Each structure stands twice: as structure tokens, then as C-alpha cells.
Amino acid sequence: MSRIEKLIAKLPENCDGAIIFSMTNRGYLTEFMSSDGTLLVFRDGAVFITDSRYIEIARKTVKGADVVLQDKLAEQVAEICRDHGAKELMVEQELTLAQFRMFRDGLAGVTLLDGPELSDTIRELRAIKEPKEIELICGAQEITDKAFLEILNFIRPGVTEKQVAAELEYCMRKLGADGLAFGSIVASGENGSMPHAVPGDRKIRKGDLVTMDFGAKLGGYCSDMTRTVAVGKIKEEQLKIYNTVLEAHLSAMAAAKPGCSGKALDAIAREVIDAAGYAGCFGHSLGHSLGLDIHETPMCTPARDYTLPAGTVMTIEPGIYVEGKWGVRIENMILITEDGYRNLTGSERALITLD
Ligand SMILES: [Mn+2]
């Protein structure tokens, strides 16, 4: 069954089909990534419209849909809808207001159903990874692990965060990455207290903890890893924070299994951190799913209770952040399996000290 057929099987009865316009949903369903394209899914088949930049490769690559060259998009979509007798079409929450209006105003005789159902349904399909998707995520992570080993030889006092980020990214490209999963985070010393710090001109000093959150992209799929390393001798409190985060990370991961609650895993990590005296120093969620996008659902978060099904890839990334002083985060990816979980990240988790 193609991914588009899986979607058709899940369409509610009150609609004739769906317009899929957002890049990663479109890329997921057709197995063809492009910056331009419109996928129309009907009960009797699907049509993928794209422009001349992509038409040649799309004809060879797109799965489960007829490929046609884009003309005047709204008129073309209206005509194809008439051919398929489609009057009620679902649209995604991911559309911008301008895109929504373009379809709404351009499709006379078609009603757009703008509830969350279509996006939710595609999200659920995307949450359970196929073997070939897991292979790409693991391939991306292998590159990420190798780049981490290489960067350990580069980090030393006097090197800036920006230089570390640039070297990391160059390593990943050299090792075969198609690109970056997201803009790398390199946060040293007091910058480490900001979970999503942007690499700056601060020079690494002896006694710093350096947090690196980065990932390669391979075949459209993201990897995501965070490691905090020590440069020179660190203080006892920094070591205590590191060991607490590591314990939180390992405890939450050990409880992962199919059908478990993401909120419960988050609570396990949070309890370890709170008990060590760092309540309030772990502001973000424990983890998220990922795939074509760096952040997907389900999540491990106190804000909402998600169930984690087998086949889902999750990050486990607790952290402790002490404002103005330092921070630590340790992040691996796991695959929820039929009987527990599989760790997908190869890099060492014990504290690495660089001289
Ligand atoms: Mn992450």
C-alpha cells in the first residue's frame, strides 16, 4: 500500500479528497522532496502538479500519483477537481493564510474543509516509521556520531563557538550529509544556560562546559544529538549537573516501551533533576519525534499526554540550565520497538574532558 493509499483509506466520509501543499507532508506522501508542488488526493487516484524545475525528476520519482506540469495553479486545480467530481476537499493546518485564500478564492464550486483532521491524520502516518525511513535516520546519525568524534580534536581554549559550529557542519557534509537537520547549537560557558543559544564569538576557555546540539540530514531525514563536553578541569557543581542529567537521561530511556506515555517519561527525568536540587532548571520538554522535520509528534512533554507507538523515533534530551553560569544537555534518539526500545545514537554519553 502506498502512503497515498494509506491516506485515502483514512479520509473521513464527508470529504471527496484533500489538497496537500506543505513541503514535508507532500514529500512524505509522494516520496519526492521538492520546494514546489501540489498534491491532490481523491478516492479514485491522486495528481501531483509541479513546475518545470522539477517535472523531469518528479515523473521518475513520485509514488502513487499522476504527475502533471503546473500551469495556472488555481484554475488547474479547479479543473482537476471537476474531473474527479470533487466538491469537498480537506486542507492542511500548515497552509499559510495566503495559500488558503488562493485555493478558497480560486476553486469555485469546491468547499475547503479547514479542520485539523487532515494534518492530524498525516501526522499519525508519519509518526510510525517504515524500515527505509529508519535506515535513513540511522545513516544521518552515523554521520553525526562521526562528526562528533572529529570535533573533539578541534575544540580547545581560544576557539570560538562559531568556529566549532562551522567545523562541525563541514565535517557532516564531508562525511556525506545532504545538509543539516537544523542550525547547529554550540554554547560554551555561561552561554550554555540558554538551551537554544546561537553560536557566537565567545572563545572557549579552560573550565568551560561546551554544549553542542546538531544533526545531519540524509535522504530528507534528520538526526538530532546533543553532547556537553568539558574543557580542562571543571568544578564539582558542573560535574554534579552532568551526572544528574545523565541519570535523568538513562532513567527516562530505560522506561521507554511501546504504548508508554511520553508525559510519564518526561516525569521520570524531571523527578531525577528535581530531586538533585535543580527544580525549575529544566524548562523544555524531554523529547520529540523527528523524521523529515526535526520536530514531529508524538512528544515527551508535561504539556500533553502522547502515547508512543512501536515504530516511533523519539529524542530523549533532558538538561539543566543555571542562568549566568552553565548548562548541560544529553540527547540521544531511540526507536520504540515491539518489546522496548533501540538506542540509535552511537556517541559516548559519559563525560568527555578535553585538555
Ligand atoms: Mn532535539
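Because the structure is a prediction, the values reported are computed rather than measured.

**Considerations on the packing of aromatic side chains**
Here comes step 1: Following the criterion strictly, the structure yields 3 aromatic pairs and no others.
Here comes step 2: Relative to Phe 48, the ring of Phe 32 lies with its centre 6.0 Å away and its plane at 90 degrees, an arrangement referred to as edge-to-face. Remark: Phe 48 occurs in strand E3 (residues 45-50) and Phe 32 occurs in the loop between helix H2 (23-30) and strand E2 (38-42); sequence separation between them is 16 residues.
Here comes step 3: Owing to a relative accessible area of 5%, Phe 32 belongs among the buried residues under this scheme.
Here comes step 4: Judged by its relative accessible area of 0%, Phe 48 falls in the buried class.
Here comes step 5: For the cation-ring pair, Arg 3 lies above Tyr 28, with the distance from its terminal atom to the ring centre recorded as 4.4 Å.
Here comes step 6: The ring centre of Phe 282 lies 4.0 Å from the NZ or CZ of Arg 270, which sits over that ring.

**Things to note about the sheet that holds strand E10 (residues 216-218)**
Here comes step 1: If you trace the 3 strands from one edge of the open sheet to the other, you get E7-E10-E11, paired in antiparallel fashion. The outermost strands of the open sheet, each flanked by one partner alone, are strand E7 (179-180) and strand E11 (221-222).
Here comes step 2: Inspection of the sheet shows E7 paired to E10 by 2 bridges, in the antiparallel sense. Within E10, the position partnered with Leu 180 by the bridge is Ala 216.
Here comes step 3: Along the sheet face, helix H7 (residues 131-152) touches E10 and E11 and points at about 145 degrees away from the line of E10.

The rules we used
Residues numbered from 1 in each chain as written. Predicted model: local features only at pLDDT ≥ 70, side-chain atom pairs only at ≥ 80, totals over all residues. Heavy atoms only, no water. Phe/Tyr/Trp six-rings, centres within 6.5 Å; stacked < 30°, edge-to-face > 60°. Helix = DSSP H or I, 4+ residues; strand = E, 2+ residues; numbered from the N terminus. Buried < 20%, exposed > 50% of the residue type's maximum accessible area, 1.4 Å probe, protein only. Lys NZ or Arg CZ within 6 Å of the ring centre and 35° of its normal. Pairing = 2+ DSSP bridges. Contact = heavy atoms within 4.5 Å. Axes fitted to C-alpha atoms, helices over the stretch in contact; angles between N-to-C directions.

Purely geometric numbers; function is a separate question.
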